[in-house]
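Report on the structure
Spelled out, the chains give:
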Amino acid sequence: MSGGEIAALIAAGAFLMLVLVLAVPILRLRHTVDATTRMITDVNERTAPLLGDVNTTVKNVNVALEQVQTSLDGVNLQLAKVDTMTTHAQNVTANVANLATVVSAAAANPLVKVTAFGYGLRRAASARRHAETEREVRDTIKQQRRAAKRGNR
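A brief look at the structure comes next.

Calculation criteria
- Residues numbered from 1 in each chain as written.
- Predicted model: local features only at pLDDT ≥ 70, side-chain atom pairs only at ≥ 80, totals over all residues.
- Heavy atoms only, no water.
- Helix = DSSP H or I, 4+ residues; strand = E, 2+ residues; numbered from the N terminus.
- Rg over C-alpha atoms; globule rule 2.2 N^0.38 Å.
- Areas by Shrake-Rupley, 256 points an atom, 1.4 Å probe, with all protein chains shown as cover.
- Lys, Arg positive; Asp, Glu negative; His and termini not counted.
- Charge placed at Lys NZ, Arg CZ, Asp CG, Glu CD.
- Patch = residues over 30% accessible without salt bridge, like charges linked within 9 Å, V, L, I, M, F, W, Y side chains within 5 Å.
- Salt bridge = Lys/Arg side-chain N within 4 Å of Asp/Glu carboxyl O.
- Buried < 20%, exposed > 50% of the residue type's maximum accessible area, 1.4 Å probe, protein only.

**Overview of the overall build of the chain**
Each helix and strand counted, the chain has 1 helix and 0 strands in total. Scaling as 2.2 N^0.38, a compact globule of 153 residues should have a C-alpha radius of gyration of about 15 Å, whereas the chain reaches 63 Å, well beyond that. Projecting the C-alpha coordinates of the chain onto the three principal axes gives extents of approximately 210 × 35 × 25 Å. For the chain, the accessible surface area stands at approximately 13700 Å², while carbon and sulfur atoms represent 65% of it. Distance from the positive charge centre (19 side chains) to the negative charge centre (12 side chains) of the chain: 41 Å.

So this is what it looks like as structure tokens:
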């Protein structure tokens, strides 16, 4: 055996030791990779039904939102109708108020005249009664004075 062959044997032995030393971590790494692969597969198996449920839930929420939007559109349409009715009611109320003012003015003027005429009649009748009473009192006083003058003579 020559020196080159011995050196080759030593190098081969060192390479074998290196391979044995590196084989242990590689085998452990293989177990880790296998465990990680199993975990990822398990997560995928559990996640797929969850994502399906999430998709179903999102679709249901979208349907509910469409129904709510339809309901809101209906409510807005009804509110527009109520606004129109309120506007018409305001117009009718204003017209009734104007009509009441016109009727009041038309009825008030003759009523005032009739009331004033009635008051004038009452005053005239009262004044006439007082005038008759005063005339009677004057006539009585005149007769008493005449009688007193005749009696003094």
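**Comments concerning the environment of leucine 111**
Along the chain, leucine 111 falls in helix α1 (residues 3-152). On a C-alpha basis, the gap between leucine 111 and leucine 72 in space is 57 Å, while along the polypeptide they are 39 residues apart.

**Description of a nonpolar patch on the surface**
Together, Phe15, Leu18, Val19, Leu22 and Ile26 make up an exposed nonpolar region whose accessible area comes to about 490 Å². Along the polypeptide, isoleucine 26 turns up in helix α1. Under the relative-accessibility criterion, isoleucine 26 is labelled exposed at 55%.

**A word on the pattern of salt bridges**
A side chain of one charge can pair with a side chain of the opposite charge if their charged atoms are brought near each other. Applying the stated criterion across every chain, the model contains 4 salt bridges. For aspartate 34, the salt bridge goes to arginine 30, with nearest N and O atoms at 4.0 Å. Of this pair, aspartate 34 and arginine 30 both sit in helix α1, 4 residues apart, which is roughly one turn of that helix. Exposure remark for arginine 30: the relative accessible area of 47% places this residue in the partly exposed category. Close ionic contact of arginine 128 with glutamate 132 constitutes a salt bridge, the shortest N to O distance being 3.9 Å. Of this pair, arginine 128 and glutamate 132 are both found in helix α1, 4 residues apart, which corresponds to roughly one turn of the helix. You can call arginine 128 exposed: its relative accessible area is 60%.

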